[in-house]
Amino acid sequence: MMLKVENVTKSFGGLMAVFDVNLELGYTPITGLVGPNGSGKTTLFHLITGFYSLDGGRVYFSGKEISGLSPYVISRMGVVRTFQQSRVLPFLSARENLLSAVPGQKGEQLASLFFKPRRVRREEKQNRDRADEVLELIRLAPLADALSGRLSYGQQKLLELGRVLMAGPKMILLDEPTAGINPTLIRRLVDVLKTLTLQGVQIFLIEHNMPLVVELCDQVFVMDSGNLIFSGSPAEAMRDPGVIEAYLGKADHAA
Amino acid sequence: MDYLLHTIIVALVYTVFALSLNLELGYTGLYNFGHVAFFAIGAYASALLSLAGVPVFLGMLVGVTLAGMAGALLAVPALRLTGDYFGVATLAFGEMMRLFFLNERWLTKGPMGLPGIPRPLGIHAGVSGLPLYLLLAGFLALAAFFTVYRITHSPFGRALKVVREDEFVAQALGKNVFSLKLRVVAVGSLLAGLAGALYGHYITYISPSDFTLNETILVLLCVVLGGRGTQWGPVLGAFLIIFFQEFLRFLPIPVDFGRVVAPIQGMVYGAVLIMLMLKRPAGLLPEYKV
Ligand SMILES: Nc1ncnc2c1ncn2[C@@H]1O[C@H](COP(=O)(O)OP(=O)(O)OP(=O)(O)O)[C@@H](O)[C@H]1O
Ligand SMILES: [Mg+2]
């Protein structure tokens, strides 16, 4: 079992954002997490990655408990996330954005800068080559030196994905990577995701675009008002009365 | 001529001071309003030791080390505070240190200050020592410049900028934000201590009134005017501000008026700083073109 979420609960004031959620991710390449707006998906990601503290429950990653650990420790264990709103580092170049994600850089230790400069330079050179490969993959190579804040929204989302790639993760948690970007870029992003799974990276994906979920995911979890209401294949989810009601119920209110 | 040498030496001292603040303010986005405290610790520790007969360079070394350690000690609790409260905590620390130097007379002679601080290498205390002291200051400023360059133009410097731009992203990328900040404050304080020691041995007389909020504002101004987050910005800022300040002394200001000038100067610098932050936040040498 790679990821195990056990009785996880989180409330904000009186609002139960996530209530007693249990879920397990085996070795499925891509797992989806869907649900209406405000159903607690992002909150669940925050809880798994340590950005929010749990009110109750535990989280395990490849057998080790990760609940209670700092976000950076969880990230270093190989669980790397993106944010729902694109969060590039606007005043760093696209390439620097990628380079900053490489874990365990010798050059981030002050002593090495002064006592092992050659080793630091060599490592940096390797990382730059790798960054250039990733830039090719996400097709931002011509914009390598542009300030990332200047990229289009879709390009920023791709860059964020590239950054996660550079982190060399075991599992990535993507919060609506395709939201607000055009179909061409979505295809590019999907290609990158598929490449990633081929490299053995597991993907946990929040996604509103149902056809895409059906295309990509082998397994899907559905949340509604903080509760996990379904787990199974995407096709089953589309037929599940509870899931349909969760979505249509909301639609009725809206209408 | 002597006056020019004097001005350059002071500008070099402020260059080191501004370079050290820039590490925190420019690269990491930490607003340290008590930076003068580390300048003061370097100056006092080195002065006291050399007055007690310790070789000057050894005294400077101890002063610099103490300043760095004090920085780390302050940072551990202060960095637990978020955002603006770090600024408040450092501001309070700066004032606390000034009061310490003012009140612990057994050690610092309080408001009387410490006269007769020796210069290193047997450099003469009077005007005749200026050229040699300029060489020494130039050498140490260069060393500080390259140290800072090595630190900022590296993966470490890049990580600092990640922290500055988005702490959440930094954490998501596995950066230990606290550790990065702690290390940068320690190094920044250490270099501020070097600037202070260099200042004390040059001026040969220090007292608590040399280390007030005014000096913090002055060095902030150097960094912000020159261009924060850049290698040359603090250097340019320090030279511009110090030369401007010394130039003011030559203006034919009546003596009576002179007494009000000092406080007015502080106000003017404060106002200029605010104007700059609003109108030209990136300074004369911006880090990036927008
Ligand atoms: N920091 C917070 N403070 C207070 N309430 C919050 C906080 N974060 C989330 N919530 C609330 O918790 C609920 C779940 O929010 P969450 O962002 O997890 O939903 P979501 O499923 O990601 O929705 P969307 O599809 O719109 O992104 C919402 O009602 C939201 O308003
Ligand atoms: Mg969300």
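Please refer to the structure placed before this passage.
These remarks concern the structure in this document. All figures in this text were calculated on a predicted structure; none of them were measured in a lab.

### Digging into the overall build of chain A
Logical step 1: Each helix and strand counted, chain A has 10 helices and 10 strands in total.
Logical step 2: The C-alpha atoms of chain A give a radius of gyration of 19 Å, which matches the 18 Å a tight globule of 255 residues would have.
Logical step 3: Structurally, chain A occupies a C-alpha span of about 60 × 40 × 35 Å along its principal axes.
Logical step 4: In chain A, which comprises 255 residues, the share counted as buried stands at 53%.

### Quick word on the site of ligand 1
Residues and elements named next belong to chain A.
Logical step 1: Around ligand 1 there are 14 residues in total, and Asn-37, Lys-41, Thr-42, Thr-43 and Gln-84 lie nearest to it.
Logical step 2: Within the contact set of ligand 1, an oxygen atom lies 3.0 Å away from a backbone nitrogen or oxygen of Gly-40.
Logical step 3: A distance of 2.8 Å separates an oxygen atom of ligand 1 from a polar atom in the side chain of Lys-41.
Logical step 4: Notes on ligand 1: free accessible area 630 Å², of which the protein chains cover 65%.
Logical step 5: Secondary-structure elements contributing two or more residues to the shell around ligand 1 are β2 (15-25) and α1 (41-48).
Logical step 6: Ranked by residue count, the leading element in the shell around ligand 1 is α1, at 3 residues.

### Some thoughts on the interface of chain A and chain B
How big an interface is tends to be stated in terms of accessible area lost as the parts join.
Logical step 1: Contacts between the two partners involve 31 residues from chain A and, on the opposite side, 26 residues from chain B.
Logical step 2: When chain A packs against chain B, close to 2700 Å² is buried across both sides, 64% of that on carbon and sulfur atoms.
Logical step 3: When residues of chain A are sorted by the area they lose upon contact with chain B, A:Phe91, A:Glu108 and A:Leu110 head the list and together hold 22% of the total.
Logical step 4: The tally of links from chain A across to chain B stands at 3 salt bridges.
Logical step 5: Applying the counting criterion to the chain A and chain B interface returns 13 residue pairs in polar contact (both at pLDDT 80 or more).
Logical step 6: When residues of the side of chain A that touches chain B are traced back to their parent elements, those giving at least two are α2 (71-76), β6 (79-81), α3 (94-99), α4 (110-115) and α5 (117-137) of chain A.

### Details of the coordination of the magnesium ion (ligand 2)
Residues and elements named next belong to chain A.
Logical step 1: The coordination sphere of the magnesium ion (ligand 2), as far as protein atoms go, consists of Thr-42 (OG1) and Gln-84 (OE1), spread over 1.9 to 2.2 Å. Here Thr-42 is found in helix α1, whereas its partner Gln-84 is found in the loop between β6 and α3, with 42 residues between them in sequence.
Logical step 2: Residue class for Thr-42 comes out partly exposed when judged on its relative accessible area of 22%.
Logical step 3: Here Gln-84 falls in the partly exposed class, since its relative accessible area comes to 29%.

### Some thoughts on the packing of aromatic side chains
Logical step 1: Under the counting rule described, the total for this entry stands at 20 aromatic pairs over all chains.
Logical step 2: Between B:Tyr44 and B:Phe211, the aromatic rings sit 5.8 Å apart at their centres with planes inclined by 55°, giving tilted as the arrangement. Residue B:Tyr44 is found in helix α2 (residues 36-51), and its partner B:Phe211 is found in the loop between α9 (177-203) and α10 (213-226); the two are separated by 167 residues along the sequence.
Logical step 3: Stacked on the ring of A:Phe51, the Lys or Arg A:Arg81 has its end atom at 5.0 Å from the ring centre.
Logical step 4: Above the face of the A:Phe83 ring, A:Arg81 is positioned so that its terminal group lies 4.3 Å from the ring centre.

### Regarding unusual backbone geometry
Backbone geometry follows two general trends: most residues other than glycine have a negative phi, and most peptide bonds adopt the trans configuration.
Residue and element names in this part refer to chain A.
Logical step 1: You will see that Ser-62, though not glycine, has its phi angle at about 35°, which is positive.
Logical step 2: Of note, Ser-62 is situated in the loop between β4 (56-61) and β5 (64-65).
Logical step 3: For Ser-62, a relative accessible area of 35% gives the class partly exposed.

### Notes on the nonpolar core
Logical step 1: Formed by 143 residues in total, the largest nonpolar core has its most connected members in B:Tyr14 and B:Ile206.
Logical step 2: For this core, the element with the highest residue contribution is helix α1 (residues 2-27) of chain B, accounting for 15 residues.
Logical step 3: Residues A:Leu25, A:Phe45, A:Ile48 and A:Met223 belong to the second largest nonpolar core, which totals 24 residues.

### Looking at the pattern of salt bridges
All names here are of chain A.
Logical step 1: According to the stated counting rule, one finds 17 salt bridges over all chains in the structure shown.
Logical step 2: A salt bridge links Lys-10 to Asp-55; the nearest nitrogen and oxygen atoms lie 3.8 Å apart. Placement of the pair is Lys-10 in strand β1 (residues 3-12) and Asp-55 in the loop between α1 and β4, with a sequence separation of 45 residues.
Logical step 3: On the accessibility criterion, Lys-10 (9% relative accessible area) is buried.
Logical step 4: Look at Asp-55 and you get partly exposed, because its relative accessible area is 45%.
Logical step 5: The shortest N-O distance in the salt bridge between Arg-95 and Asp-132 comes to 3.1 Å. Of the two residues, Arg-95 sits in helix α3 while Asp-132 sits in helix α5, which places them 37 residues apart along the sequence.

### Here we look at the environment of B:Arg164
Logical step 1: In this structure, B:Arg164 sits in helix α7 (residues 155-165).
Logical step 2: Contacts of B:Arg164, omitting those with residues within four sequence positions, involve A:Phe91, B:Gly26, B:Tyr27, B:Thr28, B:Gly29, B:Glu287 and B:Tyr288.
Logical step 3: Among the polar contacts listed, one links the side chain of B:Arg164 to the side chain of B:Glu165, at a separation of 2.9 Å.
Logical step 4: Only 3.0 Å separates the side chain of B:Arg164 from the side chain of B:Glu287, close enough to count as a polar contact.

About the thresholds
- Residues numbered from 1 in each chain as written.
- Chains lettered and ligands numbered in written order.
- Predicted model: local features only at pLDDT ≥ 70, side-chain atom pairs only at ≥ 80, totals over all residues.
- Heavy atoms only, no water.
- Helix = DSSP H or I, 4+ residues; strand = E, 2+ residues; numbered from the N terminus.
- Rg over C-alpha atoms; globule rule 2.2 N^0.38 Å.
- Buried < 20%, exposed > 50% of the residue type's maximum accessible area, 1.4 Å probe, protein only.
- Near = heavy atom within 4 Å.
- Polar contact = N/O pair within 3.5 Å; in protein donor to acceptor, adjacent residues only side chain to side chain.
- Areas by Shrake-Rupley, 256 points an atom, 1.4 Å probe, with all protein chains shown as cover.
- Contact = heavy atoms within 4.5 Å.
- Buried area = accessible area lost by both parts, 1.4 Å probe.
- Salt bridge = Lys/Arg side-chain N within 4 Å of Asp/Glu carboxyl O.
- Donors = N, O, S within 2.8 Å, 3.2 Å for Na, K, Ca; no water.
- Phe/Tyr/Trp six-rings, centres within 6.5 Å; stacked < 30°, edge-to-face > 60°.
- Lys NZ or Arg CZ within 6 Å of the ring centre and 35° of its normal.
- Core = buried A, V, L, I, M, F, W, Y, C linked by side-chain atoms within 4.5 Å.

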